[in-house]
Amino acid sequence: ARAEMRCRRVLTLGPENEPQWVQLFISQTGESWAAMIVADGIQPPQSGELRGLAFFGDTPEEAERQALAYLGLGEPKN
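So, here is what we can say about the structure in this document. (Residues numbered from 1 in each chain as written. Predicted model: local features only at pLDDT ≥ 70, side-chain atom pairs only at ≥ 80, totals over all residues. Heavy atoms only, no water.)

### Describing the overall build of the chain
Then, number 1: Regarding its fold elements, the chain presents one helix and four strands.
Then, number 2: Starting at the N terminus and walking to the C terminus, you meet the elements of the chain as β-β-β-β-α.
Then, number 3: Taken over the C-alpha trace, the chain has a radius of gyration of 13 Å; the compact-globule value for 78 residues is 12 Å, and the two agree within 12%.
Then, number 4: Its C-alpha atoms give the chain principal-axis dimensions of roughly 40 × 35 × 15 Å.
Then, number 5: A burial count over the chain gives 32% of its 78 residues as buried. (Helix = DSSP H or I, 4+ residues; strand = E, 2+ residues; numbered from the N terminus. Rg over C-alpha atoms; globule rule 2.2 N^0.38 Å. Buried < 20%, exposed > 50% of the residue type's maximum accessible area, 1.4 Å probe, protein only.)

Structural data, given as structure tokens:
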């Protein structure tokens, strides 16, 4: 069975605080999950390939949380 890959576009801030779109790909890599931040418009990674900036977790949600936190889009703290 082919591994599932999820993708979404995320609006974040670039190096000069300008709005910048990036793609967030989430896929299974062996026993863990990877969330990869890739520049908008770049070809999606192939199955099993890592591209861009990758964050790993035991679940897809954990990997995604790490990537979103890196982008400054983590969950608000109380």
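That shown, we press on.
### Focus: the packing of aromatic side chains
Then, number 1: Applying the stated criterion to the full structure yields one aromatic pair.
Then, number 2: Between Phe55 and Tyr70, the aromatic rings sit 5.3 Å apart at their centres with planes inclined by 45 degrees, giving tilted as the arrangement. With a gap of 15 residues between them, Phe55 in strand 4 (residues 53-57) and Tyr70 in helix 1 (residues 60-70) connect regions that are remote in the sequence.
Then, number 3: Phe55 sits in the buried class, given a relative accessible area of 15%.
Then, number 4: Its end group placed over the ring of Trp21, Arg9 keeps NZ or CZ at 4.3 Å from the ring centre. (Phe/Tyr/Trp six-rings, centres within 6.5 Å; stacked < 30°, edge-to-face > 60°. Lys NZ or Arg CZ within 6 Å of the ring centre and 35° of its normal.)

### A look at the pattern of salt bridges
Pairs may arise between side chains of opposite charge once their charged atoms sit close together.
Then, number 1: Tallying each qualifying case throughout the model produces three salt bridges.
Then, number 2: Arg51 is paired through a salt bridge with Glu49; the nearest N and O atoms lie 3.0 Å apart.
Then, number 3: The exposure class assigned to Arg51 is partly exposed, which follows from its relative accessible area of 25%. (Salt bridge = Lys/Arg side-chain N within 4 Å of Asp/Glu carboxyl O.)

### So, the pairing of strand 1 (residues 5-13)
Then, number 1: Bridge analysis of strand 1 against strand 2 (residues 19-29) gives nine bridges, and the strand direction is antiparallel. Looking across to strand 2, one finds that Arg8 is bridged to Leu24.
Then, number 2: Remark: five residues form the turn of the hairpin made by strand 1 and strand 2, two consecutive strands paired antiparallel; Asn17 in that turn has positive phi of roughly 60 degrees. (Pairing = 2+ DSSP bridges.)

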